[in-house]
Amino acid sequence: MDDARLDALRDEILDWRHKGVPVSAHGMTVAEWIASGPPTPTLPTPLVTASAQALDHNLRTMAAWCAERGLALAPHGKATMAPQLWRRQLDAGAVGITVANSFQAGVAVAFGVPRVLIANQIADPAALAALSVWAQQGTAIGLFSDSVPTIDRVSAAAVATIDVIVELGTPGGRAGARSVEDALAVAARVAAAPNLRLAGVAGYEGSVTGGTDAAALAAVDDYLGDLATLYAALDFEVDRPVVSAGGSAYFDRVAAVLGPLAGEAEVLLRSGSYLVHDHGFYARMTPAARGGDGPELVPVLEGRSQVLSRPEPGLAILDGGRRDFPYDQDLPIPLGRNGAACPQISDQHLFLTGAPDELAVGDTVRLGLSHPCTSFDKWRLIPVVDDETRRVVDAIRTFF
């Protein structure tokens, strides 16, 4: 990646635009602020911080798990949109970064990510032309496509050769050809286009189910079996075609069903949330949590919110809301406060029920968060904290 551009992130001047940064740090560079070692309690709330130790653990643990099974990893960058974290993932062995649209691809290219997998359909001619130019300039670009009309648009807009990965979907899913037969027709159209190259097949098993029981896992396996059937039916135009699946919930099933292809194909996981994990959705869904074959991951992010009001017995109103904490999968979870819960959230307030009498206005409540993808997008800068000293040791810059 581009070391100079990454290093320049530490030269950014902190000011009123940086939520979660104390006024005393305004005028400092990010590097100067980190060097001062600010204690976590001095940071204003609402706040989200990342654990330095948890980040390191998840990074190393997932990399080792993939290596032991012969799987490649191109983590989904949309989870964090943080080039500093992408750099660490690549350094740990990831072969590339996955993104979801042309804007995200542009961020990756700007920071020098050498290989970008676009796990989505792109139909805009200007975006497609830009992708092909980036490919011509040396970035390895892989683009998902799921229909003949999409392929025709890609071919018409491309000004240089683009590698296309045919996406197999499932009925009711968000994308992907709805049958192996439809996917074969897409592949034939790719092969016939002079400026496109058939480079692999892909899918997203998370569209099949949201369950973890035996029937749900069997449905995932059946879908992955169809993806293997599609792969076997095609002649690819690259030496080592891609077979890609694996969100952050069922990657153990991808290893079991598609892993045997690793000798001839690049079996590529796109799991993105493993790096951050969480206290809610993924804490329930990841393989290790349900007794499957997967690494033991730990939550990285923690919210901090201050009590604004104690208007009723057992109720505290906190200063964090939808603008600060994720709420699409689970609401924030009070940490270290047995019997307390957060049943309601509004734009700038969080309701804490079961609050003990001794919790006073001005006290800080630690919060577990759920779903990394909607945690990072609310923060321009996320302090990284050492668990032992509780001081800031780094800062993650996001690009949403």
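Structure: see above.
Since we're looking at a predicted model, the values are computed, not measured.

Engineer: Looking at this structure, how should I read the pattern of salt bridges?
Structural biologist: A side chain with one charge can pair with a side chain of the opposite charge if their charged atoms come near. Using the criterion set out here, one finds 22 salt bridges in the structure. A salt bridge links D252 to R290; the nearest nitrogen and oxygen atoms lie 2.7 Å apart. Of this pair, D252 sits in helix α10 (residues 251–258) while R290 sits in the loop between α11 (281–285) and β10 (301–312), placing them 38 residues apart in sequence. What makes D252 buried here is its relative accessible area of 4%.

Engineer: Where do I start with the nonpolar core in this structure?
Structural biologist: Soluble globular proteins tend to bury their nonpolar side chains together. Within the largest apolar cluster, 116 residues are counted, with the highest numbers of intra-cluster contacts made by I118, L131, L258, L269, L352 and I396. When residues no more than four places from it in sequence are discounted, the contact partners of L258 are L224, L227, A228, V243, A245, R253 and V267. Ranked by size, the runner-up nonpolar core spans 12 residues in total, among them A25, I34, V392 and A395.

Engineer: Help me out: how do you make sense of helix α8 (residues 180–192) in this one?
Structural biologist: Helical geometry: 3.6 residues make up each α-helical turn, so side chains three or four residues apart lie on a common side. The terminal C-alpha atoms of α8 lie 19 Å apart, and with 13 residues this matches the ideal 18 Å at 1.5 Å per residue to within 8%. What α8 keeps buried is the set V180, A183, V186, A187 and V190. Looking straight down α8, one finds its buried side chains confined to an arc of 115°; they lie on one side. Of the exposed residues in α8, those oriented more than 90 degrees away from the buried face are E181 and A192. Elements in contact with the buried residues of α8: β5 (140–145), α7 (148–157), β6 (162–168), β7 (196–203) and α9 (214–232).

Engineer: Please explain the side chain of T40 as it appears in this structure.
Structural biologist: For T40, the position within the fold is in the loop between α2 (30–35) and β1 (47–51). Under the relative-accessibility criterion, T40 is labelled buried at 1%. Polar contacts involving the side chain of T40 include one to the main-chain carbonyl oxygen of R390, which spans 2.8 Å. Beyond its immediate sequence surroundings of up to four residues, T40 is in contact with L47, R304, V385, R390 and R391.

Engineer: Honestly, the environment of Y327 in this entry has me stumped. Any pointers?
Structural biologist: Mapped onto the fold, Y327 is located in the loop between β11 (315–318) and β12 (333–334). In this structure, the C-alpha to C-alpha distance between Y327 and T374, residues 47 residues apart in sequence, is 7.9 Å. Here Y327 is in contact with R322, I345 and K378, once residues within four sequence places are set aside.

Engineer: Just to check I follow, could you spell out the side chain of T374 for this structure?
Structural biologist: Assignment of secondary structure puts T374 in the loop between β15 (364–368) and β16 (381–385). Under the relative-accessibility criterion, T374 is labelled buried at 18%. A polar atom in the side chain of T374 sits 2.5 Å from the side chain of D328. The residues contacting T374, other than those within four sequence positions of it, are P326 and D328.

What counts, and at which threshold
- Residues numbered from 1 in each chain as written.
- Predicted model: local features only at pLDDT ≥ 70, side-chain atom pairs only at ≥ 80, totals over all residues.
- Heavy atoms only, no water.
- Salt bridge = Lys/Arg side-chain N within 4 Å of Asp/Glu carboxyl O.
- Helix = DSSP H or I, 4+ residues; strand = E, 2+ residues; numbered from the N terminus.
- Buried < 20%, exposed > 50% of the residue type's maximum accessible area, 1.4 Å probe, protein only.
- Core = buried A, V, L, I, M, F, W, Y, C linked by side-chain atoms within 4.5 Å.
- Contact = heavy atoms within 4.5 Å.
- Expected span 1.5 Å × (residues − 1).
- Arc of directions from axis to C-beta.
- Polar contact = N/O pair within 3.5 Å; in protein donor to acceptor, adjacent residues only side chain to side chain.

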